[in-house]
Amino acid sequence: YLNALLATPSGSPFPKTKEEVLRSFVMTHEQAAESAEILRRALHGFHRDMLVGLASQANRSANTFIQETTARQVIAAVGKQLLEEGQLTIPLQPTTAIDVLIGSHILVRPASGAGAIMFQHQQFQEWYASYEVERLMVETTSGNAETLKVLREGVLNWPAWEESILFACERLSRQDEAGVAAVAKAIDEALGIDPILAAEMIYRSAHHVWPMVRGRVTALVHRWHVRGKVDRAVRFMIASGRPEFAELVWPLVSSEDDQVHLHALRAAARFHPTVLGDDAAAKLASLTEKTRKHVISEIASNGGYDGMELAANLAKTDP
């Protein structure tokens, strides 16, 4: 990862999302002269299509291992699709393709062998599978009922696809207006399947998506949440990180009852301080010492990098 970041040209934007970091890593690897030549000569530059197919198959089976017999079938199917599209004139040899992807890319054979292959790290599997999620999201906006069914029942409904969904949201929502619309529609669908996943999708998407889903999301929260209670709606609000929910979340976080504020701060997998609003630092600094001690340390422990940074800045100025 460090080498990939250091290879970024001087003056170019630093990756802002997790998806961009992984993309930077893969692009640096693929553009290395030796790898690029082998991949183009042996796989005609279609290595990404094969890796997307393999990653999607692994996600569907909720596993990180892919049996070689299954891998060969996946690559044969990808090759058939490329032939039908006129991208290839001769079929790919699946065994050769697997050997090349292991020797010159990011597939490996596990130490145990057992006739299986896998990605060097599960994050790469999830990143490649995100391109299948992106394809489904884009096709769904055109009114394709069959694609919508696959997206809803085969992807949004299964935990194994979660990180791939979030990678797709990060990338697609930052591409263009069509991408923003596709992500907004996917969030709308996720609200009826797994609202917490929808909240994470909101948090990981570019800010342009929020205006397109705000109406339904805020209406849902106000119907769902019981004021003063740390319910599942609080988990949703914190996971979304949206400052619009500050008036509902702040009374819980600032409660003098440690059972209330600790429960609220631990309601979601990660506490996103942005849910407290733009004046979060000032509000936290105004809490009583006992409450402030608990709340700031919990934000440092349960937040992401933004939580750690906020906690550190508050600690430096705390008397």
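Let us look at the structure shown here. Everything numeric in this text was worked out from a predicted model, so none of it was measured. (Residues numbered from 1 in each chain as written. Predicted model: local features only at pLDDT ≥ 70, side-chain atom pairs only at ≥ 80, totals over all residues. Heavy atoms only, no water.)

### Considerations on the nonpolar core
So, step 1. Counting 94 residues, the largest nonpolar core has Met137, Ile165 and Met201 as its most contacted members.
So, step 2. Setting aside its immediate chain neighbours within four residues, methionine 137 contacts Leu151, Ile165, Ala168, Cys169, Leu172, Ala182, Val183, Ala186 and Met201. (Core = buried A, V, L, I, M, F, W, Y, C linked by side-chain atoms within 4.5 Å. Buried < 20%, exposed > 50% of the residue type's maximum accessible area, 1.4 Å probe, protein only. Contact = heavy atoms within 4.5 Å.)

### Notes on the sheet that holds strand β2 (residues 107-108)
So, step 1. In space, the three strands of this open sheet follow the order β1-β3-β2, with antiparallel pairing throughout. The open sheet is flanked by β1 (66-67) and β2, the only strands paired with a single partner.
So, step 2. Pairing analysis gives two bridges linking β1 to strand β3 (residues 116-119), with the strands arranged antiparallel. Each bridged residue has a counterpart across the sheet, and for isoleucine 66 the counterpart in β3 is isoleucine 117. (Pairing = 2+ DSSP bridges. Helix = DSSP H or I, 4+ residues; strand = E, 2+ residues; numbered from the N terminus.)

### Here we look at the packing of aromatic side chains
So, step 1. The final tally for this structure, using the stated rule, is six aromatic pairs.
So, step 2. Ring plane angle 85° and centroid distance 5.2 Å describe the contact between tryptophan 127 and tyrosine 131, whose orientation is recorded as edge-to-face. Residue tryptophan 127 and its partner tyrosine 131 are located together in helix α7 (residues 122-140), separated by four residues, close to a single helical turn. For the pair shown, tryptophan 127 and tyrosine 131 are each scored as buried.
So, step 3. Ring-pair connections join several aromatic residues into one group, and the members of that group are Phe119, Trp127, Tyr128 and Tyr131. (Phe/Tyr/Trp six-rings, centres within 6.5 Å; stacked < 30°, edge-to-face > 60°.)

### Topic: the layout of surface pockets
So, step 1. The computed volume of the largest pocket comes to approximately 720 Å³.
So, step 2. Taken together, 16 residues make up the lining of the largest pocket; nearest its centre are Lys18, Glu170, Tyr203, Arg204 and Tyr305.
So, step 3. Of all the secondary structure elements, the ones that give two or more residues to the lining of the largest pocket are α9 (162-172), α11 (195-204) and α18 (305-317).
So, step 4. Its residues assigned to classes, the lining of the largest pocket comprises four nonpolar, three polar and nine charged.
So, step 5. Space inside the second largest pocket adds up to approximately 430 Å³.
So, step 6. Along the wall of the second largest pocket there are 15 residues; nearest its centre are Asp49, Val52, Gly53, Glu132 and Arg135.
So, step 7. Mapped by element, the contributors of at least two residues to the lining of the second largest pocket are α4 (47-60), α5 (68-84) and α7.
So, step 8. At six residues, the largest contribution of residues to the lining of the second largest pocket is made by α4.
So, step 9. Tallied by class, the residues present in the lining of the second largest pocket amount to six nonpolar, four polar and five charged. (1 Å grid on protein atoms, 1.4 Å probe; cavity = no way out; pocket = protein on both sides within 12 Å on 5 of 7 lines; lining within 4 Å. Points joined across faces, edges and corners; volume = space filled by probe spheres on them. Nonpolar A, V, L, I, M, F, W, Y, C, P; charged D, E, K, R; others polar.)

Geometric values such as these leave the question of function open.
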